[in-house]
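# Structure assessment
Chain residues, written in single-letter form:
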Amino acid sequence: MLPFTDWILEKLALEKTLFRTMAVSSLGLLLLALLFRSLTDAFGMCHRFYVNCQRLRCFPEPPRRNWLLGHLNLARSTEEGLQDAAQLTAQYGRICVWWFGPWVPILRLFHPETIGPVLRESAAVAPKDKLFYGFLKPWLGDGLLLSGGKKWGRHRRMLTPAFHFDILKPYMKFFNQSTDIMHVKPDFSDSKDIFCRDFLPCLLLTSRLIMCSRKSSDYIAAILELSNLVVLRQHALIHHFDWLYYLSTNGRRFRRACDTVHRFTANVIQERRRAHSRLGDDAWLKSKQGKTVDFIDVLLLAKDEEGRHLSDADIAAEADTFMFEGHDTTASGLSWVLYNLARHPNYQDQCREEIQNLLRGRETEEIEWEDLSQMPFTTMCIKESLRLHPPVTAISRRCTEDVKLPDGKIIPKGNICLVSIFGTHHNPAVWPEPEVYNPHRFEPKALQNQSPLAFVPFSAGPRNCIGQNFAMSELKVALALTLLRFVVRLDESQAVRRLPALILRAENGLWLQVEPVRTQQ
Ligand code: HEM
């Protein structure tokens, strides 16, 4: 080290003293250590990458665009992109590897046998992957959708009762009322075309049930904006870097909308907490008897095994998560089932007949809780629509342990697994003639030989959709009342192009024509 120390001191024109010699030597040693560490890290990374590539070789890989881009840009969020996904599924059957640039492999899974082992893994072994979910974090924080580990487990246990049938039952009157509101909107009643891409009532309904709040138009506008901005960000690679994104116009809009959402939720929680502490939990519950308890109440009252409540920050994250997960998904489901029934008037008539028979002789046109299990054909039509047009087309995981597939192949730990709900639902090996809308696929007899993982619009396993019963009840009420009152037809002049964004939409909306049922008779 000494000649090197002398050389440095000479270059710096410093006189040689014991202290300076020691200082320069230590610095030199530190730099050497850092260099050595970086080199071993780099070597380790290259070795791990090499080993991973070797392990992934057992899975088929479609031709890459080139070595640098891999399959980037081949996955398009357009109608053509969905057609490619269906073709890929038909060609590769169960699984294939894609490359996100030269370094990041992504395993695309589209068969019950490959999605099952990943979805059934515990939440600790199959956490959400940050590449796909990270952009939602500043908005949704550590809510159920994004959190992991012990926190997720504790919250999931605490929130499951919020979706119990006893809690959902009183919501039936809101589902009915919101559908009534939707029907008296001019678009419905004057028999013109309706633009039913966004069923705002679904969103208003969700906000009402989650926060019992009616003065929420800024909040709703902000969450619609956030959903759009997240999709725009996913498509602009340059905006994947936080510091660049937050300097951009969209980044600033995202921050502003996040602030609006967080301020609103915090205010609702504070107001409600004050009311709870004024009365005490028991008196508060008593005062609510005969009225609907919303999710904020449920969240405020929820206790874990040790009797601890959720913090305000936790409640806010969960409320924002429910709003995000609960509004667009259900609106998309409802839009597509109306579209599918407009394309198949025979099935539409069959549903209408079923609902007319169910409500015959009643004084009010209201769907009751017990009715939900009495409309089997309508339910089959909804399910077939969720198969053909799943609102959430894909979800992803990054497993922390190797996952063994039934054929013995291993998904090596650390790789991103893109579970394609769309692919599984469109896989000809799972659903023959997958593009055909055929509700009879969901007849109990036909399902006997089908894997339970062939139909996963709400995902499956420990991290499945906590709100699926809520969503199915809402869909059934909205669809039943709509078909009872209106005939829905396709507007042939408007081509429909699917648009897989955060949820499955249609590029220029879904244009349907509605006509009151009475004028038909
Ligand atoms: C048709 C309507 C709906 C569909 C298709 C749907 C679909 C899904 C899917 C596929 C997941 C899994 C996401 C993932 O693993 O990354 C999920 C999770 C979730 N959904 Fe839904 N959802 C719907 C409605 C709702 C509603 C109405 C709510 C609440 C009011 C809700 C709340 C949630 C929550 C909190 C999660 C995260 C659960 C967890 O990780 O523990 N969803 N949903």
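Counting from 1, residues in each chain are numbered in the order their sequence is written. Selection of residues for local features in this predicted model requires a pLDDT of at least 70, selection of side-chain atom pairs for listing and counting requires 80 or more, and totals for whole chains, interfaces and linings are taken over all residues. For side-chain calculations, the full set of non-hydrogen atoms in the structure is used, while hydrogens and water are omitted.

- With an unreviewed UniProt entry as reference, the protein is termed Cytochrome P450 family 4 subfamily F member 22, source organism Podarcis muralis.
- You can read under Subcellular location (unreviewed entry) in the UniProt record for the protein the words "Endoplasmic reticulum membrane". UniProt positions are given in the numbering used here, feature names are shortened, and annotations may be inferred rather than shown by experiment.

## Structural notes on the site of the ligand
- A molecule or strand has a residue near it when one of that residue's heavy atoms lies within 4 Å. Around the ligand there are 27 residues in total, and Tyr133, Trp152, Arg156, Arg397 and Cys465 lie nearest to it.
- With respect to the ligand, the backbone of leucine 144 contributes an N or O atom lying 3.4 Å from an oxygen atom.
- Between the ligand and arginine 156 there is a distance of 2.7 Å, counted from an oxygen atom to a side-chain nitrogen or oxygen.
- Secondary structure counts use DSSP, requiring at least four H or I residues in a row for a helix and at least two E residues in a row for a strand, with both numbered from the N terminus. Breaking the shell around the ligand down by element, the ones donating at least two residues are helix H7 (149-159), helix H17 (312-343), strand S4 (394-398) and helix H22 (468-485).
- Here the element with the most residues in the shell around the ligand is H17; it accounts for 5 residues. Any pair of N or O atoms that falls within 3.5 Å is considered a polar contact. Within protein, one atom must be able to donate a hydrogen and the other to accept it, and sequence-neighbouring residues count only if both atoms are side-chain atoms.

## Here we look at the coordination of the iron atom of the ligand
- In this listing, donors mean N, O and S atoms no farther than 2.8 Å from the metal, or 3.2 Å for Na, K and Ca; water is missing from the atoms, so a site can look incomplete. There is one protein donor for the iron atom of the ligand, and it is Cys465 (SG), at 2.3 Å.
- In this fold, cysteine 465 is placed in the loop between helix H21 (444-447) and H22.

## Describing a nonpolar patch on the surface
- Patch building starts from residues that exceed 30% relative accessible area and form no salt bridge, then joins like charges within 9 Å and nonpolar side chains (Val, Leu, Ile, Met, Phe, Trp, Tyr) within 5 Å. The Shrake-Rupley method, run with a 1.4 Å probe sphere, supplies the accessible areas, and residue values consider only the shown protein chains as cover. Between Lys or Arg on one side and Asp or Glu on the other, a salt bridge is scored when a side-chain nitrogen of the former is within 4 Å of a carboxyl oxygen of the latter. Judged by side-chain polarity, Leu29, Leu32, Leu35 and Leu39 come together as a nonpolar surface patch covering roughly 410 Å² of accessible area.
- Relative to the assigned elements, leucine 35 resides in helix H2 (residues 18-56).

## Observations concerning the sheet that holds strand S1 (residues 95-100)
- A sheet is described by the order of its strands in space; here 4 strands give the open sequence S1-S2-S7-S4, paired in mixed fashion. The open sheet is flanked by S1 and S4, the only strands paired with a single partner. Each neighbouring strand pair of the sheet contributes to a mean axis angle of 25 degrees, computed without reference to strand direction.
- Strand pairing is defined by DSSP finding a minimum of two bridges between the two strands. The pairing of S4 with strand S7 (residues 416-420) spans 5 bridges and is antiparallel. Opposite arginine 398, over in S7, you have isoleucine 416 as the bridge partner. Lines fitted to the C-alpha atoms define the axes, with helices restricted to the stretch that makes contact. Angles between their N-to-C directions range from 0 to 180 degrees.

## Concerning the packing of aromatic side chains
- Only the six-membered ring of Trp is used, alongside the rings of Phe and Tyr, when aromatic pairs are assigned; centres must lie within 6.5 Å, and planes under 30 degrees apart are stacked while those over 60 apart are edge-to-face, with the rest tilted. Inspection of every chain in the model, using the stated rule, returns 16 aromatic pairs.
- With a centroid separation of 5.0 Å and 65 degrees between ring planes, the pair formed by phenylalanine 49 and tryptophan 103 is classed as edge-to-face. Of this pair, phenylalanine 49 sits in helix H2 while tryptophan 103 is found in the loop between S1 and strand S2 (104-109), placing the two residues 54 residues apart along the sequence.
- Summary of the burial criterion: residues with accessible area below 20% of their type's maximum are buried, those above 50% are exposed, and those between are partly exposed, where the area comes from a 1.4 Å probe applied to protein chains only. Here phenylalanine 49 falls in the partly exposed class, since its relative accessible area comes to 26%.
- Arranged with centres 4.5 Å apart and planes meeting at 20 degrees, the rings of tyrosine 219 and phenylalanine 264 form a pair that is stacked. Residue tyrosine 219 is found in helix H12 (residues 217-235), and its partner phenylalanine 264 is found in helix H14 (residues 249-279); the two are separated by 45 residues along the sequence.
- Note on phenylalanine 264: relative accessible area 17%, which makes it buried.

## A closer look at the UniProt feature "binding site: heme" (unreviewed entry) in the protein
- Residues annotated by UniProt as "binding site: heme" (unreviewed entry) correspond here to Cys465.
- Judged by relative accessible area, which is 26%, cysteine 465 ranks as partly exposed.
- The contact definition used throughout considers only heavy atoms, calling two residues in contact when any of these lie within 4.5 Å. The contact partners of cysteine 465, leaving out residues within four places of it in the chain, are Arg156 and Phe458.

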